[in-house]
Amino acid sequence: MLCLGIESSCDETALAIVQDGTLRASLLATQAEIHALFGGVVPEIASREHYRFIGMLYDALFQKANLSPTDIDCYAVSRGPGLLGALLVGVGFAKGLALAANKPLIGINHLHAHLLAAGLEQELIFPALGVLVSGGHTHLYRIESVENFILLGRTLDDAAGEAFDKVAKMLHLPYPGGHLLDTLAQKGQSNKKLFPRPYTHNDTLDFSFSGLKTAVSTYIAQHSEIIPKSAEDALNSTVLCNMCASFNTAVVDTLCIKAKRALAQHTDIHTLILAGGVAANSLLRQNMQQLMQIREGRCIVPSPALCTDNAAMVAYTGWLYTKAGLYHNLDFEAVPRGRTVPTDYQNIG
Ligand code: KG4
Ligand code: ZN
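Worth saying up front: this structure is predicted, and the values here are computed from it rather than measured.

Student: Would you mind showing me how to read the coordination of the zinc ion (ligand 2) here?
Tutor: In a perfect tetrahedron of four donors around a metal, the angles come out at 109.5 degrees. In a perfect octahedron of six, they are 90 or 180 degrees. At 2.1 Å from the zinc ion (ligand 2) lie its protein donor atoms, namely His 110 (NE2), His 114 (NE2) and Asp 309 (OD). Around the zinc ion (ligand 2), the 4 donor atoms are arranged such that angles at the metal cover 92 to 150 degrees; this shape is classified as irregular. Taken in chain order, the donor set of the zinc ion (ligand 2) reads H-x3-H-x194-D. Separated by 195 residues along the polypeptide, His 114 in helix α4 (residues 110–116) and Asp 309 in the loop between α11 (304–307) and α12 (312–323) bring together distant segments of the chain. When sorted by exposure, His 114 lands in the same class as Asp 309, which is buried.

Student: What's the story with the pairing of strand β1 (residues 2–7) in this structure? I'm lost.
Tutor: Buried residues dominate β1, accounting for 6 of its 6 residues. Side chains Leu 2, Leu 4 and Ile 6 of β1 all project onto a buried face; the interleaved residues Cys 3, Gly 5 and Glu 7 project onto the opposite face, where all are buried too. Strand direction decides the pairing type here: β1 and strand β2 (residues 12–19), joined by 6 bridges, are antiparallel. Considered in β2, the bridge of Glu 7 is made with Ala 14.

Student: When you look at helix α2 (residues 43–65) in this model, what are you seeing that I'm missing?
Tutor: A rise of 1.5 Å per residue sets the reference length of α2, with its 23 residues, at 33 Å; its end C-alpha atoms lie 31 Å apart and thus fit the reference within 8%. For α2, the principal kink sits at Phe 53 and spans about 35 degrees. Elements that come into contact with the buried residues of α2 comprise β1, β2, β3 (22–30), α1 (32–36) and α3 (84–101). Of the residues flanking the end of α2, it is Asn 66, one or two places downstream, whose phi is positive at about 55 degrees.

Student: Is there a simple way to think about the site of ligand 1 in this case?
Tutor: Not every one of the 20 residues close to ligand 1 is listed here, only the nearest: Gly 135, Asp 165, Gly 178, Asp 182 and Asp 309. One nitrogen or oxygen atom from the main chain of Gly 178 is found 3.0 Å from an oxygen atom belonging to ligand 1. Contacts to ligand 1 include Asp 309, whose backbone N or O atom sits 3.0 Å from an oxygen atom. Comparing atom positions with the cavity grids shows ligand 1 to sit within the largest pocket. Of all the secondary structure elements, the ones that give two or more residues to the shell around ligand 1 are α4, α5 (160–170) and α6 (178–187). In terms of residue class, the shell around ligand 1 is made up of 4 nonpolar, 13 polar and 3 charged.

What counts and how
- Residues numbered from 1 in each chain as written.
- Chains lettered and ligands numbered in written order.
- Predicted model: local features only at pLDDT ≥ 70, side-chain atom pairs only at ≥ 80, totals over all residues.
- Heavy atoms only, no water.
- Donors = N, O, S within 2.8 Å, 3.2 Å for Na, K, Ca; no water.
- Tetrahedral: all angles 85-135°; square planar, octahedral: opposite > 155°, others 65-115°.
- Helix = DSSP H or I, 4+ residues; strand = E, 2+ residues; numbered from the N terminus.
- Buried < 20%, exposed > 50% of the residue type's maximum accessible area, 1.4 Å probe, protein only.
- Pairing = 2+ DSSP bridges.
- Expected span 1.5 Å × (residues − 1).
- Bend = angle between axes of the 7 residues up to and from the residue.
- Contact = heavy atoms within 4.5 Å.
- Near = heavy atom within 4 Å.
- Polar contact = N/O pair within 3.5 Å; in protein donor to acceptor, adjacent residues only side chain to side chain.
- 1 Å grid on protein atoms, 1.4 Å probe; cavity = no way out; pocket = protein on both sides within 12 Å on 5 of 7 lines; lining within 4 Å.
- Sits in = over half its atoms within 2 Å of the grid points.
- Nonpolar A, V, L, I, M, F, W, Y, C, P; charged D, E, K, R; others polar.

Here it is as structure tokens:
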């Protein structure tokens, strides 16, 4: 079965084809450079750019896959959460394709797709603890099966990726800042006492990164000489690399403390799935692996290209769900950030 997946929830326009659980072809057009000019994603520009690229990517994808559009058996599209105008471009495009081809279509929860993406590379085992860390979300889930996600905790303010991006902005570094801060952190020495592990002295599984952001902002205000003149200058500044290492460790420690707490509460879980853009972070990958090694469990982390937004995860989730008999009628809605994505699938039984 061939499933075409479409992703347009934020600033990446992506299309991919998954054949019987294996990635056949994938294409992605990033808008990062355009939004970097504004220091963050501008929703109206994102929608227009998706609209500009989606048709071209569709044609190019079939050439790359050496397939014809009539070969596709089912369609899947990220329906949210995300920027509504951006999502509508992908959802509208997918509905048009499914209607014209008279083939099944399913709207996918973008966050669940992130967590299932690793299934393209290794076997997923359930129940699992899902740790989703992206630019817009920091969620902990108990995952019972590919369709059953129970939310255990979430951020009350900034997402982990947002904290990286905001600290990068304070340092006048380009958007999105996570990858560069990670690189700088790897060159520095972490001082564990410099920044707090925010919102950990409690018994909840929720997160709050705003206190950490304030602590970094105060530090930068008191040490303004560490703001680099350029990204190159940043790579050569030991004090800056040390500060980035301290910030990076504070975020990673906080995520690990809450993951450990969730595992202590769910003793039947022996698998952790780490996903989302921040899962590309080298220290986070390493520390989560260690955490599961100590427990003699498994830590599943997708390769970095599958961590950030992509359509392979959407096509793969679409393939899994369609195989299970799930689909949507054409009236399903795109869901903006902040609203829960409903599990309103139809089931052919
Ligand atoms: O999942 P994603 O591609 O988009 C959303 O759905 O939000 O995540 C993007 C986020 C950005 O905040 C980016 O700065 C962060 O992931 N990110 C990283 C790294 N690579 C990307 N954060 C920390 N370390 C990284 N290596
Ligand atoms: Zn994402």
